[in-house]
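Structural features, examined
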Amino acid sequence: QFRLVESGGDSVQTGGSLRVSCSASGFTFSNYRMRWYRQAPGKERELVAAISSDGARANYADSLKGRFTISRDNAKNTVYLQMNSLAPEDTAVYYCNTIGPSGNAYWGQGTQVTVSS
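So, here's what we can say about the structure. As the structure is a computational prediction, the values presented were derived from the model and not from experiment.

Next up on the list: the nonpolar core. Ranked by size, the top nonpolar core spans 28 residues in total, and within it W36, V79, L81, M83 and Y94 carry the most contacts. Of all the elements in the fold, those that place two or more residues in this core are β3 (18-25), β4 (34-39), β5 (46-51), β7 (68-73), β8 (78-83), β9 (92-99) and β11 (111-116). In terms of residue count, β3 provides more of this core than any other element does, four residues in total.

What follows is the structure, encoded as structure tokens:
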């Protein structure tokens, strides 16, 4: 079964950096595009970044381009999100996601990122 577990969330100061991780199991990780989403309180869940199965291509929400970097290590079945120049508006629960067979979406439990002034 598809399983995704996020980690690395923390409380950081404005301008700081943080890397969150998502460990995957239960499927052939290297065959799947991976995504990071985030959800702030009272807000819709929004796509942050996506990365191709081989890690060669990535895309980002326009507002985050240049600050956030998605990467993956297929040998470790892990996808990362490096977040730089963090601002309070980045405070959210960050989730990793993939789309499995039949279009089913799989989610981790999320990891909390809090950015304080």
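By the secondary structure assignment, R35 is in strand β4. Within the buried core, R35 has no salt-bridge partner, and the shortest N-O distance to an opposite charge, that of E6, equals 13 Å.

By the definition in use, this model includes one disulfide. Disulfide partner of C22: C96, at an S-S distance of 1.8 Å. Torsion about the S-S bond of the C22 and C96 cystine: about 50 degrees, corresponding to right-handed handedness. Taken together, the residues C22 in strand β3 and C96 in strand β9 connect sequence positions 74 residues apart. Among the residues examined, C22 registers a relative accessible area of 0% and is labelled buried. Residue C96 is classed as buried on the basis of its relative accessible area, which comes to 0%.

Right, let's get into unusual backbone geometry. Residue N77 is not a glycine yet carries a positive backbone phi of 50 degrees. In this structure, N77 sits in the loop between β7 and β8. Taking relative accessible area as the criterion, N77 reaches 26% and is therefore assigned partly exposed. In this model, S85 sits at a positive phi of 50 degrees, which is unusual for a non-glycine residue. In this fold, S85 is placed in the loop between β8 and β9.

This part is about the side chain of S52. Residue position: S52 is located in the loop between β5 and β6 (58-60). Exposure remark for S52: the relative accessible area of 3% places this residue in the buried category. A distance of 3.2 Å separates a polar atom in the side chain of S52 from the backbone nitrogen of A56. Excluding anything up to four places from it in sequence, S52 contacts R33, R57 and R72.

To continue, consider the environment of T111. Assignment of secondary structure puts T111 in strand β11. Here the alpha-carbon distance between T111 and C96, two residues 15 residues apart in the chain, equals 9.3 Å. Beyond its immediate chain neighbours, meaning those up to four positions away, T111 contacts E6, S7, G8, G9, V20, A92, V93 and Y94. Of the polar contacts made by the side chain of T111, one reaches the backbone nitrogen of G9; its length is 2.9 Å.

Tallying each qualifying case throughout the model produces four salt bridges. Taking the shortest distance from any N to any O, the salt bridge between E46 and R38 comes out at 2.7 Å. Classification of R38 as buried rests on a relative accessible area of 8%. In this structure, D62 and K65 form a salt bridge, with 3.3 Å as the shortest nitrogen-oxygen distance. Members of the salt-bridge network, linked through shared partners, are R38, E46, R67 and D90.

Rules used throughout
Residues numbered from 1 in each chain as written. Predicted model: local features only at pLDDT ≥ 70, side-chain atom pairs only at ≥ 80, totals over all residues. Heavy atoms only, no water. Core = buried A, V, L, I, M, F, W, Y, C linked by side-chain atoms within 4.5 Å. Buried < 20%, exposed > 50% of the residue type's maximum accessible area, 1.4 Å probe, protein only. Helix = DSSP H or I, 4+ residues; strand = E, 2+ residues; numbered from the N terminus. Lys, Arg positive; Asp, Glu negative; His and termini not counted. Salt bridge = Lys/Arg side-chain N within 4 Å of Asp/Glu carboxyl O. Disulfide = S-S within 2.5 Å. Polar contact = N/O pair within 3.5 Å; in protein donor to acceptor, adjacent residues only side chain to side chain. Contact = heavy atoms within 4.5 Å.

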